[in-house]
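Residue-level listing of the chains:
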Amino acid sequence: MKIKNICCIGAGYVGGPTMAVIAHKCPDIKVTIVDLNEQRIADWNDENTDNLPVYEPGLDEIVLSARGKNLFFSTDVEKAIDEAEMIFISVNTPTKTYGLGKGMAADLKYIELCARQIASVAKDDKIVVEKSTLPVRTAEAVKNILDNTGNGVEFQILSNPEFLAEGTAIDDLLSPDRVLIGGGTDAKGEEAIQALVDVYANWIPEDRILTTNVWSSELSKLTANAFLAQRVSSINAMSELCEKTGADVGEVARAIGMDSRIGPKFLKSSVGFGGSCFQKDILNLVYIAKSYGLNEVADYWEQVIIMNDHQKRRFAANIVKTLYNTVSGKKIAFLGWAFKKDTNDTRESAAIYVADDLLHEQANIAVYDPKVEETTMFRDLDYLATRKPEENKEGVAVFEDPYEACKDAHAIAVLTEWDEFKDYDWDRIYANMKKPAFVFDGRNVLDEEEMTKKGFVFSAIGR
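Description of the structure in this document.

Cut-offs applied
Residues numbered from 1 in each chain as written. Predicted model: local features only at pLDDT ≥ 70, side-chain atom pairs only at ≥ 80, totals over all residues. Heavy atoms only, no water. Buried < 20%, exposed > 50% of the residue type's maximum accessible area, 1.4 Å probe, protein only. Helix = DSSP H or I, 4+ residues; strand = E, 2+ residues; numbered from the N terminus. Pairing = 2+ DSSP bridges. Right-handed = clockwise from strand over helix to strand, strands pointing away. 1 Å grid on protein atoms, 1.4 Å probe; cavity = no way out; pocket = protein on both sides within 12 Å on 5 of 7 lines; lining within 4 Å. Points joined across faces, edges and corners; volume = space filled by probe spheres on them. Nonpolar A, V, L, I, M, F, W, Y, C, P; charged D, E, K, R; others polar. Salt bridge = Lys/Arg side-chain N within 4 Å of Asp/Glu carboxyl O. Axes fitted to C-alpha atoms, helices over the stretch in contact; angles between N-to-C directions. Contact = heavy atoms within 4.5 Å. Patch = residues over 30% accessible without salt bridge, like charges linked within 9 Å, V, L, I, M, F, W, Y side chains within 5 Å. Areas by Shrake-Rupley, 256 points an atom, 1.4 Å probe, with all protein chains shown as cover. Lys, Arg positive; Asp, Glu negative; His and termini not counted. Charge placed at Lys NZ, Arg CZ, Asp CG, Glu CD.

**What about the pairing of strand 13 (residues 438–441)?**
- Residues Phe 438 and Phe 440 line one face of strand 13 and the alternating positions Val 439 and Asp 441 line the opposite face, and both faces are buried.
- Judged from the four bridges that link them, strand 12 (residues 411–414) and strand 13 form a sheet pairing that is parallel. Note on strand 13: the bridge partner recorded for Ala 413 is Phe 440.
- Between the parallel pair strand 12 and strand 13, the chain is carried across by helix 17 (residues 426–431), and the sense of this crossover is right-handed.
- Relative to strand 14 (residues 457–460), strand 13 runs parallel, the two sharing four bridges. Looking at strand 14, one finds that Asp 441 is bridged to Ala 460.
- Following the backbone out of strand 13, through helix 18 (residues 448–453) and into the adjacent parallel strand 14, one traces a crossover that is right-handed.

**A few points about the environment of Thr 452**
- By secondary structure assignment, the location of Thr 452 is in helix 18.
- Considered as a pair, Thr 452 and Thr 95 are 357 residues apart in the sequence and their alpha carbons are 42 Å apart.

**Here's the deal with the layout of surface pockets**
- Counted as a void, the second largest pocket has a volume near 330 Å³.
- What lines the second largest pocket is simply Glu 240, Glu 243, Lys 244, Arg 314, Phe 315, Ala 317, Asn 318, Lys 321, Ser 459, Ala 460, Ile 461 and Arg 463.
- Those elements that provide at least two residues to the lining of the second largest pocket are helix 9 (214–245), helix 12 (295–322) and strand 14.
- Per element, the largest residue contribution to the lining of the second largest pocket is five residues, and it comes from helix 12.
- Within the lining of the second largest pocket, the residues separate by chemical class into four nonpolar, two polar and six charged.

**Regarding the pattern of salt bridges**
- Tallied over the entire structure, the rule returns 24 salt bridges.
- Between Arg 261 and Asp 259 there is a salt bridge, and its shortest N-O distance comes to 2.7 Å.
- The class of Asp 259 is partly exposed, set by a relative accessible area of 22%.
- One continuous salt-bridge network, built from bridges that share partners, spans Lys 2, Lys 4 and Asp 28.

**Re the sheet that holds strand 13**
- What the six strands build is an open sheet, ordered 11-10-9-12-13-14; its pairing is parallel. Single-partner strands in this sheet number two, and they are strand 11 (396–398) and strand 14. Neighbour-to-neighbour, the strand axes of this sheet turn through a mean angle of 20°, independent of strand direction.
- Taken strand by strand, helix 13 (residues 350–360) contacts strand 9 (331–335), strand 10 (364–368) and strand 11, and its axis lies near 175° from that of strand 9.
- Along the sheet, helix 14 (residues 374–384) makes contact with strand 10 and strand 11, crossing strand 11 at roughly 160°.

**Digging into a negative patch on the surface**
- On the surface, Glu 374, Glu 400, Asp 401 and Glu 404 cluster together to form a negatively charged patch.
- Mapped onto the secondary structure, Glu 374 falls in helix 14.

Structure below.
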């Protein structure tokens, strides 16, 4: 089966870049990305690519290469579903905030809404591809909805989880470690799998395209994120021990990372991991394990989250302790709000939780981030609902100039590892800060020896 028309429901951090690359690499396939958010679609269609709703290095060039040719962004969901032979579902699956599984299980209401809309619109056979991160066996529920519409359309369900790292998503899409496709094991299922394999084979070597049954594919995504997050929490656990014993966590990480069985990746200590996937997926994994009565398995993975939360809390507590046990009325400058560099995504960013803790200590927070908008920062704080929105407005000021953000600050907290922070005129920053001038490096971005020579009282995770 030769795919000529693809629809993707969801124009966010996964759907937008993934479909843009598919369109870029497959000029003979029409790719339509649909979303009910009119402003988001307008931003994707904006002639000024600086206004794209997702920031990823290289994404603007990819979008410009295909937009208006075989890449289209639209709010007409039904038309795109009707025309497509293959439909990707790439909508949000946040952690439930209500009901059964609150705080752990994935909220699948958007997935179900997509399935019902596809079922109501489809007039001919479709291949439906799960691109969102989903609990194992979600495909079964999606297929039940699609197969019981009574209109005679036949659907094949594939699982094609994304393994993108925000900040390097375009490189990850152009040259992935692997592409995973799970589907049915009967003849029609294998035909559907091959149709998607043929799409990716336009630019990805087939030995990097793995095919499995659909349940293995769904569970592999959760497992991959759990393993990566586990490494972050493991090195962060050791960072606290390093601080107590005089060891340097960077040196420890380098030493163990040279062991080929361990490797060096994801061993950089920090104030904690963030992003849309790690916490959500581990909590989902914990919930699934508990639902099968696997309490020891659930407890094991939940500890990864407990360690991550602890790291954020102790970073904020260290700021308070170092500033003579009070930050009331003091200005604390935050460099960075995004959960990592080279993205404007702030979901579960450590900066949000550190700011919230310090605001409860009556600190005044000044924030600079090169890609995150002010409205996003206040939305993040308001979502926590630990303080009234007007209180957040009073306690936080957002700056477009990092030097202004740091002016008259008692301390600076580095919360995102933006490369530009290394190149600042730190002598100028020091001259305009309250003395003693403190720097708390939550991402191990800055050189401790250089910062100390400039006069800063310097503190970094794990040193």
